[in-house]
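Here's the letter readout for the chains.
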Amino acid sequence: MKLHKRERQARLSSLLEENPLLTDGDLAEHFGVSVQTIRLDRMEKGIPELRERLKHVAVRSLDDVKSLPIDEVIGDIIDIELDKRAVSVFDVTNDHVFQRNGIARGHHLFAQANSLAVAVIDDELALTSKSSLNFIKPVRAGERVVAKAAVRPGERPRRSIVEVISTVGEEPVFTGTFEMYRTHESGKEGQS
């Protein structure tokens, strides 16, 4: 059963507050309506398109990143809590894939995960000292890779471990464990 317009628009607003990454296509499928209907609903409610929503979420999150300039991050960071967790999105284009088979070059997936691992560290200097990577499934042009990073203490002084899982939809495509060197112990910045 389709929802009435006002109820659909109210639920649309709630869904996008919970998950600003939803595309118009995702929303159309969820509500059983056309993409054009979703676009009209968004316009009537003053809800921006996906790219603008991402920029808005990213700007709120990035002010505290210390370890590298934001323009050096591969992908768009949409959520970050330093020394705890972070999320970035990377839209794969034809420029990122092998022309012969249309599969994304692995260094792009690595760069997204590694730059997210650096950005999530709450220190002026964060360097990758070791990494372990698994490429699970090919990624193709037109797909959106969502990388989620979680930070835990390392076993040695001035080290943190960042676990990154990258997905397309709900499907894991890449995992990485990054041992990060930092100039200060976690939670002790400014102390020597």
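Since the model is a prediction, treat every value here as computed from it, not as a measurement.

A.B. asks: Give a detailed account of the packing of helix 2 (residues 24-31) against helix 3 (residues 35-45), specifying residues and quantitative values.
C.D. replies: Interhelical geometry of helix 2 versus helix 3 gives an angle of 105 degrees and a closest axis separation of 8 Å. It follows from the interaxial angle that helix 2 and helix 3 lie roughly perpendicular. Contacts between helix 2 and helix 3 pair Asp24, Gly25, Leu27, Ala28 and Phe31 from the former with Val35, Ile38, Arg39 and Arg42 from the latter.

A.B. asks: Please provide a residue-by-residue account of the nonpolar core, values included.
C.D. replies: Most often, soluble globular proteins keep nonpolar side chains buried together rather than apart. Residues Ile80, Val139, Val145, Val162 and Met180 are the most contacted members of the largest nonpolar core, which totals 32 residues. Of all the elements in the fold, those that place two or more residues in this core are strand 1 (76-81), strand 2 (85-91), helix 5 (106-119), strand 4 (144-153), strand 5 (159-168) and strand 6 (171-182). Here this core gets six residues from one element, more than from any other, and that element is helix 5. Other than its neighbours up to four places away in sequence, Val145 contacts Ser88, Val89, Phe90, Val92, Leu109, Gln112, Val139, Ser166, Thr167, Val168 and Val173. One finds Leu16, Leu22, Leu27 and Val33 within the second-largest nonpolar core, a separate group that totals 10 residues.

A.B. asks: Report on the packing of aromatic side chains, specifying residues and quantitative values.
C.D. replies: As enumerated under the stated definition, the model contains two aromatic pairs in all. Ring plane angle 45 degrees and centroid distance 5.9 Å describe the contact between Phe110 and Phe178, whose orientation is recorded as tilted. Of this pair, Phe110 sits in helix 5 while Phe178 is found in strand 6, placing the two residues 68 residues apart along the sequence. Ring centres of Phe135 and Phe174 lie 5.0 Å apart, and the angle between their planes is 65 degrees; this geometry places the pair in the edge-to-face category. Of this pair, Phe135 sits in strand 3 (residues 126-135) while Phe174 sits in strand 6, and the two are 39 residues apart along the sequence.

Thresholds, definitions, all that
- Residues numbered from 1 in each chain as written.
- Predicted model: local features only at pLDDT ≥ 70, side-chain atom pairs only at ≥ 80, totals over all residues.
- Heavy atoms only, no water.
- Axes fitted to C-alpha atoms, helices over the stretch in contact; angles between N-to-C directions.
- Helix = DSSP H or I, 4+ residues; strand = E, 2+ residues; numbered from the N terminus.
- Parallel < 35°, antiparallel > 145°, perpendicular 65-115°, else oblique.
- Contact = heavy atoms within 4.5 Å.
- Core = buried A, V, L, I, M, F, W, Y, C linked by side-chain atoms within 4.5 Å.
- Buried < 20%, exposed > 50% of the residue type's maximum accessible area, 1.4 Å probe, protein only.
- Phe/Tyr/Trp six-rings, centres within 6.5 Å; stacked < 30°, edge-to-face > 60°.

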